[in-house]
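Per-entry structural report
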Amino acid sequence: MGATITAVSRNDVYSFTKPNRDSITLLTGLGVEGDVHCGVTVKHRSRVAQDPTQPNLRQVHLIHRELFEEVAGAGFEVAAGQLGENVTTEGIDLLGLSRGTLLHLGEDAVVEVTGLRNPCLQIDNFQDGLLKQVVGRDESGAVVRKAGVMGVVRRGGVVRPGDTITVEAPEGEHVPLERV
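Residues numbered from 1 in each chain as written. Predicted model: local features only at pLDDT ≥ 70, side-chain atom pairs only at ≥ 80, totals over all residues. Heavy atoms only, no water.

**A word on the overall build of the protein chain**
- What the protein chain contains, in helices and strands, is 4 helices and 13 strands.
- Its C-alpha atoms give the protein chain a radius of gyration of 15 Å, within 12% of the compact-globule value 16 Å for 180 residues.
- Principal-axis analysis of the C-alpha atoms places the extent of the protein chain at approximately 35 × 35 × 30 Å.
- Every one of the 180 residues in the protein chain was classed for burial, and the buried ones make up 44%.
- Considering only contacts within the protein chain whose residues lie at least 6 apart along the sequence, 68% involve residues at least 24 apart.
- For the protein chain, the exposed surface amounts to about 9000 Å²; the carbon and sulfur share of it is 48%. (Helix = DSSP H or I, 4+ residues; strand = E, 2+ residues; numbered from the N terminus. Rg over C-alpha atoms; globule rule 2.2 N^0.38 Å. Buried < 20%, exposed > 50% of the residue type's maximum accessible area, 1.4 Å probe, protein only. Contact = heavy atoms within 4.5 Å. Areas by Shrake-Rupley, 256 points an atom, 1.4 Å probe, with all protein chains shown as cover.)

**Considerations on the side chain of Thr101**
- As for its placement among the helices and strands, Thr101 is situated in the loop between β6 (87–90) and β7 (102–105).
- From its side chain, Thr101 meets the backbone oxygen of Ser98 in a polar contact 2.6 Å long.
- Setting aside its immediate chain neighbours within four residues, Thr101 contacts Val111, Glu112, Val113, Val167, Glu168, Ala169 and Pro170. (Polar contact = N/O pair within 3.5 Å; in protein donor to acceptor, adjacent residues only side chain to side chain.)

**Quick word on the sheet that holds strand β1 (residues 4–9)**
- Taken in spatial order, the 8 strands line up as β2-β1-β6-β5-β11-β8-β7-β13 in an open sheet, and their pairing is mixed. Taken across any chain shown, the strands that pair with only one partner, and hence form the sheet edges, are β2 (20–21) and β13 (165–168).
- With 3 bridges joining them, strand β5 (residues 60–64) and β6 adopt parallel strand pairing. Bridge assignment links Leu62 to a residue of β6, and that residue is Val87. (Pairing = 2+ DSSP bridges.)

**Some remarks on the layout of surface pockets**
- The calculated volume of the largest pocket comes to roughly 550 Å³.
- As for the largest pocket, its lining consists of 25 residues, of which His37, His44, Arg58, Cys120 and Gln122 are closest to the centre.
- Breaking the lining of the largest pocket down by element, the ones donating at least two residues are α1 (45–50) and β5.
- No other element matches α1, which puts 4 residues into the lining of the largest pocket. (1 Å grid on protein atoms, 1.4 Å probe; cavity = no way out; pocket = protein on both sides within 12 Å on 5 of 7 lines; lining within 4 Å. Points joined across faces, edges and corners; volume = space filled by probe spheres on them.)

**Things to note about the pairing of strand β11 (residues 149–155)**
- Among the 7 residues that make up β11, 5 are buried, leaving the element largely enclosed by the rest of the structure.
- Note that strand β8 (residues 109–116) and β11 share 6 bridges and pair antiparallel. Paired with Val110 across the strands is Arg155, a residue of β11.

Here you go:
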């Protein structure tokens, strides 16, 4: 079975979780129509405080449904949209993608992967102890971020649960994702 979208979510107000929707519309160069993080420049509060003129490399947040199963093994119950993602995926190793990978979502939309989501303390406010499940260290001590990837909309379109995801790797060497 190929990669698919299991849920889509958006919220027009700042809130950690995002309600699931029947569909979302991605707008080229902006993000998710009607979502608080939609725009050319940064919308995440911490980024705005640093420099509100920064380009928005976090227009769309994608997270893999398989993470929910992983954290369930540690006693946490998480459902689609509850970690603030816009698109919940299944059957794709989001964290292993190369920077610049194009994700074709449904019939029309294309999202370019810009990097890893940098999980914050809000995750522990949602469920105490959950942050340690989505950020850890590997055997060498390097930080491992598991809370999904961020991207920018290269081509807009409507995206729905059940839509397929096609991965288009960038030319050249694999460039591991870093936090954005």
